[in-house]
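# Coordinate inspection notes
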Amino acid sequence: TTPAELEIGRTDDPSVHHVGPMIHAPDVEHRVATPDVRRWQAFQRQANDSGRPIVYCSLGTLNRDLAKRVRNVVDASTAADWSLVVGLGGRARADDLGPIPDNVLILEYAPQLDVLAAASLAVVHGGINTINECLWAGVPMVVHRSGRVDQPGNASRVEHHRLGVRVDLDDGPDDVGRAIRQVMNDPDLDDNVARMRAATDAYRGVLEQLIDDMIGSGHERDA
């Protein structure tokens, strides 16, 4: 469920079918409490009034080191010229993070698609679902370079196609801050993400057609 354009190297294996990202907003947002939605909306208005770009941070729902890494992102944003929204994915509490500056909003669950639609970039853990949603929203990324499953390969794809940069979120706020500024100050990344977004849009209906073809082939064999 990714675009072939996101791969590195050959994509002509006849046994592999790329159907593009499958994003269904109601399913993604169902855990977000109404008070958190209202907090996000008020924070967005405040950021827009101040002229600050919005940075979104989501480090997944399976990240054991989430609090430490989020703290590094928060510290990188202290006194910065952007506003930061953090979605904890139910893996930590705001109280676990220590003092939070005024330009940072911490949510247990963030309305991710809504935040991405307003964000200038996202700091992510490298899971393909969040990367797909960033591409769907046209948002360049700062991607954590390590992980136990698909994250390292996904981070390499993001860097290879110049959709963002890789960073080790364990290295501290200085490195994280430099990576955020690098992405913000590189307009080529925005152009690359826009092209990848257009490529993903072209996959609309591909899965349905693939299923129809498979069903049709089955009926032909039965006949």
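Criteria and cut-off values
- Residues numbered from 1 in each chain as written.
- Predicted model: local features only at pLDDT ≥ 70, side-chain atom pairs only at ≥ 80, totals over all residues.
- Heavy atoms only, no water.
- Helix = DSSP H or I, 4+ residues; strand = E, 2+ residues; numbered from the N terminus.
- Rg over C-alpha atoms; globule rule 2.2 N^0.38 Å.
- Buried < 20%, exposed > 50% of the residue type's maximum accessible area, 1.4 Å probe, protein only.
- Contact = heavy atoms within 4.5 Å.
- Areas by Shrake-Rupley, 256 points an atom, 1.4 Å probe, with all protein chains shown as cover.
- Lys, Arg positive; Asp, Glu negative; His and termini not counted.
- Charge placed at Lys NZ, Arg CZ, Asp CG, Glu CD.
- Arc of directions from axis to C-beta.
- Pairing = 2+ DSSP bridges.
- Axes fitted to C-alpha atoms, helices over the stretch in contact; angles between N-to-C directions.
- Left-handed = near helix turned anticlockwise from the far one by under 90°.
- Nonpolar A, V, L, I, M, F, W, Y, C, P; charged D, E, K, R; others polar.
- Polar contact = N/O pair within 3.5 Å; in protein donor to acceptor, adjacent residues only side chain to side chain.
- Salt bridge = Lys/Arg side-chain N within 4 Å of Asp/Glu carboxyl O.

Along its length, the protein chain carries nine helices and six strands. Taking 2.2 N^0.38 as the reference for a compact globule, 223 residues should give roughly 17 Å; the C-alpha atoms of the protein chain span a radius of gyration of 19 Å, in line with that estimate. Each of the three principal axes of the protein chain carries a C-alpha extent, and together these read 70 × 35 × 35 Å. Counting the 223 residues in the protein chain, one finds 45% classified as buried. Counting contacts in the protein chain only where the partners sit at least 6 residues apart, residues at least 24 apart contribute 63% of the total. Accessible surface for the protein chain amounts to roughly 11700 Å². Of this, 46% is attributable to carbon and sulfur atoms. The positive charge centre, built from 23 side chains, and the negative charge centre, built from 34, are 5 Å apart in the protein chain.

Here we take up helix α6 (residues 151-160). Of all the residues in α6, the buried ones are Q151, N154, A155 and V158. Buried residues in α6, looked at end-on, bunch into an arc of 100°, giving them a common side. One or two residues past the end of α6 sits R162, with phi positive at roughly 55°.

The strands making up a sheet associate through hydrogen bonds between their backbones, and the pairing can be parallel or antiparallel. In spatial order, the strands read β3-β2-β1-β4-β5-β6; together these six strands make up an open sheet with parallel pairing. Strands with a single pairing partner mark the edges of an open sheet, and in this sheet they are β3 (104-107) and β6 (164-167). Put simply, the sheet's adjacent strands are angled 15° from each other on average, direction ignored. Across the face of the sheet, helix α7 (residues 173-184) comes into contact with β1 (54-58), β4 (121-124), β5 (141-144) and β6 while running at roughly 170° to β6.

A word on the environment of I8. Checked against the element boundaries, I8 lands in the segment before α1 (25-29). For I8, a relative accessible area of 43% corresponds to the partly exposed category. Residues I8 and G153, spaced 145 residues apart in sequence, show a C-alpha to C-alpha distance of 9.6 Å. Setting aside residues no more than four positions away along its own chain, I8 makes contact with S156, R157 and H160.

Interaxial distance between helix α3 (residues 66-77) and α7 falls to 8 Å at its minimum, and their mutual angle equals 65°. Where α3 crosses over α7, the handedness of that crossing is right-handed. For the pair α3 and α7, contact is made by N72, V73, D75 and A76 and by P173, V176 and G177, respectively. Split by residue class, the contact of α3 with α7 holds four nonpolar, two polar and one charged.

Secondary-structure assignment places N154 in helix α6. Judged by its relative accessible area of 7%, N154 falls in the buried class. Reaching out from N154, the side chain makes a polar contact with the backbone oxygen of G126 at a distance of 2.8 Å. Leave out the neighbours within four places in its chain, and N154 touches G126, G127, I128 and I131.

Looking now at the pattern of salt bridges. Two side chains of opposite charge can pair, provided their charged atoms sit close to one another. In the structure shown here, the tally under the stated rule is nine salt bridges. When the shortest N-O distance is used, the salt bridge between D36 and R39 registers 3.4 Å. Residue D36 and its partner R39 are both found in helix α2 (residues 34-50); the two are separated by three residues, about one turn of the helix. The exposure class assigned to D36 is buried, which follows from its relative accessible area of 12%. Under the relative-accessibility criterion, R39 is labelled partly exposed at 41%. Notably, a salt bridge pairs R69 with D170, separated by 2.9 Å at the nearest N-O pair. Pair noted here: R69 is in helix α3 and D170 is in the loop between β6 and α7, with a separation of 101 residues, a long-range link.

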